[in-house]
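Take a look at the letters that make up each chain.
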Amino acid sequence: MADTLTGAEHDPARVPGFPMPRAAGCPFDPPPALTAARQEGPLARVRLWDGKDYWLLTRYADQRAVLLDPRVSADLTSPGYPLQAPGDGKNNIGFVLMDDPEHARLRRMVTAPFAIKRVEALRPAVQTIADDLVDAMLAGPKPVDLVQALALPLPSLVICALLGVPYDDHDFFQENSRILIKRDAAVAERTAAHGKLIGYLDELMGEKTAHPGDDLLSGLVARVESGELSRTDAARMGVLLLLAGHETTANMIALGTLALLEHPEQLALLRDTDDPKLIASAVEELLRYLSIVHGGRRRAVLADIEVAGQLIRAGEGVILPNDLANRDPEAFPDPDRLDLTRDARRHVAFGFGVHQCLGQPLARMELQVVYGTLYRRVPGLRLAADIAELPFKHDGSVYGVHELPVTW
């Protein structure tokens, strides 16, 4: 059972569900009920699947302030934490749901491969992957599903190389990743998928104990052997990096392409340029505009705090929908307009504070390569289906499209 949000503070029946599908005909915008909640005030009182009430923060500035506040906890075992679905506490996938100092200790173990200089050194290899995938797409039949042809394989190939995971196993880990982030999946189904991924990574680490390589999993094995890390924690970190390393970027490639096809004047800016600054700006604006992580970042309050004049007490939970923050007109003028020339670098698509996404340099680079390659090489790219018929991922905690048929 997914979250059920019951409304704004003064009317517990106003908002019908959270996370909720985006409106038909407006697949890139936040759900209208959430936008309405923001217009009514900076805070809403909402009820989730567990029958408990939590605070929903609607404003950009308040969300950033709370994400920096040491009095709030990302640990889903903290009293008051707003779990997204039953059983979430059983399927821990690593340091992302921990607090400092343990969060910082574990995160430091995998930071180096995602440093900007290390990521930039990968750019030529990622460019080769993108060109090869586009070559294969152009040589094949039309129409083609862009998700399977480009959006999913590119980040999967890259994260597999970084981690030391065989890409031949991509069907297995992609399928179980989808189950793990599917909000409506049964608890037993998600727990089974989590267990399969943990077992898979654990087996790989066993192989790397005997035959270490120059990859991230081999580095984690070395940490296990030195006593810095348990085997279970290492496997959980592997699952986190594998899942986050392909799911989010794949959805941004496909959904970003769809948004550009629906905004041809913006698509033309990318198609007709090789300016790396404009391409980088376009990536930031698409990240802001689309905000594909659904369900809001969630925190438990450890000590009384004040937000927008409201006292939030220790033991209460807060939800911070980044799609609302990224469409806040006080932070981004005319926020519902896609403008690739906008300075959108202050968006919170990757979070904010100590828990912001570790892999954001890699995701940015991959998106820059794809957005700077696909439309230039396939200038006649167009949608091969009615947008109303596309299968959107309303059922997932990462938003996107299951399929994107395109032709040229």
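Residues numbered from 1 in each chain as written. Predicted model: local features only at pLDDT ≥ 70, side-chain atom pairs only at ≥ 80, totals over all residues. Heavy atoms only, no water.

J.: Please explain the sheet that holds strand 4 (residues 144-145) as it appears in this structure.
T.: The pairing of strands in a sheet comes from backbone hydrogen bonds and takes either a parallel or an antiparallel form. Strands sit in the order 4-10-9 across an open sheet of 3 strands; the sheet is antiparallel. Edge positions in the sheet fall to strand 4 and strand 9 (382-383), since each of these pairs with one other strand and no more. Pairing of strand 4 with strand 10 (residues 405-407) involves 2 bridges; the strand directions are antiparallel. Among the inter-strand pairings, Val144 is bridged to a residue of strand 10, identified as Val406. (Pairing = 2+ DSSP bridges. Helix = DSSP H or I, 4+ residues; strand = E, 2+ residues; numbered from the N terminus.)

J.: Please explain helix 5 (residues 123-139) as it appears in this structure.
T.: In an α-helix, one full turn covers 3.6 residues, which means residues spaced three or four apart are oriented alike. For helix 5, spanning 17 residues, the distance from its first C-alpha to its last is 24 Å, which sits close to the expected 24 Å at 1.5 Å a residue. Residues of helix 5 that are buried: Val126, Ala130, Leu133, Val134 and Met137. Down the axis, helix 5 shows its buried residues gathered within 100 degrees of arc, on one side only. Projecting away from the buried face of helix 5 at angles above 90 degrees are the exposed residues Pro124, Ala136 and Ala139. Buried residues along helix 5 sit against strand 4, helix 6 (146-151), helix 7 (153-163) and helix 15 (360-377). (Expected span 1.5 Å × (residues − 1). Buried < 20%, exposed > 50% of the residue type's maximum accessible area, 1.4 Å probe, protein only. Arc of directions from axis to C-beta. Contact = heavy atoms within 4.5 Å.)

J.: Any chance you could explain the environment of Ala115 here in plain terms?
T.: Summarising the element assignment, Ala115 is placed in the loop between helix 3 (102-108) and helix 4 (116-121). Look at Ala115 and you get partly exposed, because its relative accessible area is 32%. Along the sequence, Ala115 and Leu358 sit 243 residues apart, while their C-alpha atoms lie 8.9 Å from each other.

J.: For this particular structure, what's the right way to read unusual backbone geometry?
T.: Working note: non-glycine residues mostly have negative phi, and peptide bonds are mostly trans. The omega torsion of the bond from Asp100 to Pro101 falls at 10 degrees, within 30 degrees of zero and hence cis. Summarising the element assignment, Pro101 is placed in the loop between strand 3 (72-73) and helix 3. Cis peptide bonds are those with omega within 30 degrees of zero, and the linkage from Lys142 to Pro143 qualifies with -5 degrees. As for its placement among the helices and strands, Pro143 is situated in the loop between helix 5 and strand 4. In this structure, Ala308 takes a positive phi of about 50 degrees despite not being glycine. Relative to the helices and strands, Ala308 resides in the loop between strand 6 (305-307) and strand 7 (310-312).

J.: Can you help me understand the confidence of the model for the protein in this one?
T.: Low pLDDT marks regions whose predicted coordinates should not be analysed in detail. Residues at a pLDDT of 70 or more form 93% of the protein, whose mean pLDDT is 90. Between residues 1-17, whose pLDDT stays under 50, and residues either more than four places distant or in other chains, the model counts 55 contacts. (pLDDT = per-residue confidence, 0-100.)

J.: Would you mind showing me how to read the nonpolar core here?
T.: Side chains of nonpolar character tend, in soluble globular proteins, to be buried together. By size, the foremost hydrophobic cluster in this structure holds 92 residues, and its most contacted members are Leu255, Leu286, Leu290, Tyr371, Leu374 and Leu404. Ranked by residues supplied to this core, first place goes to helix 11 (residues 231-261) with 17 residues. Setting aside residues up to four positions removed in sequence, Tyr371 forms contacts with Met252, Ile253, Gly256, Leu270, Val283 and Leu286. Of all hydrophobic cores here, the second largest spans 18 residues; its members include Trp55, Tyr60, Val301 and Ala331. (Core = buried A, V, L, I, M, F, W, Y, C linked by side-chain atoms within 4.5 Å.)

J.: What is the right way to read the packing of aromatic side chains from this model?
T.: Here a ring pair, both rings aromatic, is described through the centre-centre distance and the interplanar angle of the planes. Throughout the structure, instances matching the rule amount to 5 aromatic pairs. When the centroid spacing of 6.2 Å and the interplanar angle of 35 degrees are considered together, the rings of Phe28 and Tyr289 count as tilted. Here Phe28, found in the segment before helix 1 (32-40), pairs with Tyr289, found in helix 13 (residues 276-290); they are 261 residues apart in sequence, far enough to count as distant. Owing to a relative accessible area of 5%, Tyr289 belongs among the buried residues under this scheme. Considering the side-chain rings of Tyr60 and Phe332, the 5.6 Å spacing of their centres and the 80 degrees angle between planes classify their relative orientation as edge-to-face. One end of the pair, Tyr60, is in helix 2 (residues 60-68); the other, Phe332, is in the loop between helix 14 (322-325) and helix 15, and 272 residues separate them in sequence. One cation-aromatic arrangement involves Arg45 over Trp55; the distance from NZ or CZ to the ring centre is 4.5 Å. Stacked on the ring of Phe332, the Lys or Arg Arg346 has its end atom at 5.4 Å from the ring centre. (Phe/Tyr/Trp six-rings, centres within 6.5 Å; stacked < 30°, edge-to-face > 60°. Lys NZ or Arg CZ within 6 Å of the ring centre and 35° of its normal.)

J.: Looking at this model, I keep getting lost on the sheet that holds strand 8 (residues 317-320). Mind explaining?
T.: With mixed pairing, 5 strands are arranged side by side in an open sheet as 1-2-8-5-3. For this open sheet the edge positions go to strand 1 (43-47) and strand 3, each flanked by a neighbour on one side alone. Note: strand 5 (residues 297-301) against strand 8, 4 bridges, orientation antiparallel. Bridging from a neighbouring strand, Arg298 pairs with Ile319 of strand 8. The sheet strands contacting helix 2 are strand 2 (53-57), strand 3, strand 5 and strand 8, and the helix crosses strand 8 at an angle near 125 degrees. (Axes fitted to C-alpha atoms, helices over the stretch in contact; angles between N-to-C directions.)

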